[in-house]
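One letter stands for each residue in the lines below.
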Amino acid sequence: MPLRVVVHAGFHKTGTTSIQKALHAHRAVLAPLTIQLGTDMRGLCEAARIYSVSRSAFDLGYIRYEAAALAENWQGTLLLSSEDLAGQMPGRRGLSSYDTTPQILAAMTEGFRAARPEIALAFALTTRSAAPWLLSCHMQHLRATRMTLSAEEYSADYAASADLTGVIAKIADALPGIAVHELPLEAKTDPLTALLGLVGVPPDKLPAMPHKNRSEPDALRAGLLAINRSDRSDVDARTARKALMRKGRP
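Residues numbered from 1 in each chain as written. Predicted model: local features only at pLDDT ≥ 70, side-chain atom pairs only at ≥ 80, totals over all residues. Heavy atoms only, no water.

Caption draft 1: Expanded view of the environment of Glu46. When you line up the elements, Glu46 lands in helix H3 (residues 42–54). Each C-alpha atom, one on Glu46 and one on Glu66, is 9.4 Å from the other, the two residues being 20 residues apart in sequence. At 2.3 Å, the side chain of Glu46 forms a polar contact with the side chain of Arg49. (Helix = DSSP H or I, 4+ residues; strand = E, 2+ residues; numbered from the N terminus. Polar contact = N/O pair within 3.5 Å; in protein donor to acceptor, adjacent residues only side chain to side chain.)

Spelled out as structure tokens, the structure:
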């Protein structure tokens with residue numbers, strides 16, 4: 001049986017959580033399509049995150065190794081989905097862009113092909129308009145880190161990171177002969193339907209994509225920012241952020 005694989009490799013904050021929750025909930029309905037999410041490929045996701053920071057040849061080899069190990073027992077048609085395959089989100093660990101993603105996906109491809117030369121491979125990346133994407137990233141950083149930039153400051157400082165279409169063009173250049181699909185979140189066809197179409201699933205097989213990560217109220221953003229800018233210890237700030245997120249308001 002031919003081995004056909006589509007890799008949904010990001011980007012962060014482009015509806016990936018909603019897509020993955022739907023794929024997980026409907027695994028049985030989608031059979032014989034095999035779904036692999038982040039928890040099914042922890043080693044490969046971790047390798048991608050590590051390389052996006054280290055940029056070392058050793059860690060690039062780690063990606064190839066994990067990709068080959070993952071692909072060894074694949075059969076039929078597979079859909080992989082994890083935004084961590086693109087590396088760390090801009091704004092984390094000193095990163096300002098997805099500039100390592102082309103190298104990550106090229107190394108991944110080499111690993112897949114080393115284990116399974118017969119593979120028919122394609123990549124898909126969901127995207128989002130710049131302004132809402134930057135705001136969503138900012139909120140994620142406020143929740144998870146000691147981010148002290150305001151939304152306006154973050155959007156100005158990281159404006160260049162929002163050119164996701166430009167990153168996809170560089171990925172396509174790094175993967176000659178391999179299809180690289182852009183799936184905009186704002187498109188008429190939702191990204192889940194478009195993604196499943198790439199593996200031959202008809203549009204009526206699943207309901208419309210649910211939205212799990214809706215925009216947060218401005219008061220919550222302000223409350224998280226105030227906690228991060230306070231003189232609390234990192235531990236106390238983390239506890240306060242969690243409590244505020246549970247309440248959903250400052």
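Caption draft 2: Structural view of the nonpolar core. Membership of the largest hydrophobic core comes to 56 residues, with the highest contact counts inside it found for Trp74, Met108 and Phe112. Here the element with the most residues in this core is helix H5 (residues 101–115); it accounts for six residues. Leaving out residues up to four positions away in the same chain, Trp74 has contacts with Leu3, Val5, Gln36, Leu80, Phe112, Arg116 and Ile119. Of all hydrophobic cores here, the second largest spans 18 residues; its members include Val6, Leu30, Ala122 and Val201. (Core = buried A, V, L, I, M, F, W, Y, C linked by side-chain atoms within 4.5 Å. Buried < 20%, exposed > 50% of the residue type's maximum accessible area, 1.4 Å probe, protein only. Contact = heavy atoms within 4.5 Å.)

Caption draft 3: Highlighting the sheet that holds strand E4 (residues 120–127). The five strands lie next to each other as E2-E3-E1-E4-E5, forming an open sheet whose pairing is parallel. Here the strands that pair on one side only, and so sit at the sheet edges, are strand E2 (34–37) and strand E5 (179–184). Ignoring strand direction, the axes of neighbouring strands in this sheet form an average angle of 20 degrees. In this sheet, E4 lies alongside strand E1 (residues 4–8) in parallel orientation, the contact comprising five bridges. What sits directly across from Arg4, in E4, is Ala120. Lying over the sheet, H5 contacts E1, strand E3 (77–81) and E4, oriented at roughly 155 degrees with respect to E4. Together, E4 and E5 form the strand contacts of helix H8 (residues 164–174), whose direction differs from that of E5 by roughly 170 degrees. (Pairing = 2+ DSSP bridges. Axes fitted to C-alpha atoms, helices over the stretch in contact; angles between N-to-C directions.)

Caption draft 4: Looking closely at the pairing of E3. For E3, a buried count of four out of five residues is recorded, marking the element as mostly surrounded by other parts of the structure. Pairing geometry for E1 and E3, over five bridges, is parallel. Residue pairing across strands places Arg4 opposite Thr77, the latter belonging to E3. Examined bridge by bridge, E2 and E3 share four bridges and lie parallel to one another.

Caption draft 5: Main features of the pattern of salt bridges. The final tally for this structure, using the stated rule, is eight salt bridges. The partner of Asp99 in a salt bridge is Arg55, with the nearest N and O atoms 2.7 Å apart. Taken together, the residues span a long stretch of sequence, with Asp99 in the loop between E3 and H5 and Arg55 in the loop between H3 and helix H4 (57–71) at a distance of 44 residues. Between Asp234 and Arg146 there is a salt bridge, with the nearest N and O atoms lying 2.6 Å from each other. Taken as a pair, Asp234 in helix H11 (residues 234–247) and Arg146 in the loop between helix H6 (130–144) and helix H7 (151–157) lie far apart in primary sequence, 88 residues in all. Judged by relative accessible area, which is 26%, Arg146 ranks as partly exposed. Ionic contacts of the salt-bridge type, sharing partners, join the residues Glu46, Arg49 and Asp84 into one network. (Salt bridge = Lys/Arg side-chain N within 4 Å of Asp/Glu carboxyl O.)

Caption draft 6: Representation of H6 within the structure. If you check H6, its first and last C-alpha atoms are 21 Å apart, about what 15 residues at 1.5 Å a residue would give, namely 21 Å. Three or more residues of H6 are buried, namely Trp133, Leu134, Ser136, Cys137, His138, Met139, His141 and Leu142. Of the surrounding elements, those touching the buried residues of H6 are H7, H8, helix H10 (218–229) and H11. (Expected span 1.5 Å × (residues − 1).)

Caption draft 7: Just unusual backbone geometry, in detail. Residue Phe11 is bonded to the preceding Gly10 through a cis peptide linkage, with omega at 5 degrees. In this fold, Phe11 is placed in the loop between E1 and helix H1 (16–25). Positioned with a positive phi, Lys13 is a non-glycine residue whose angle comes to about 60 degrees. Looking at where Lys13 falls in the secondary structure, it is placed in the loop between E1 and H1. Positive phi, close to 55 degrees, is recorded for Arg55, a residue that is not glycine. Under the relative-accessibility criterion, Arg55 is labelled partly exposed at 38%.

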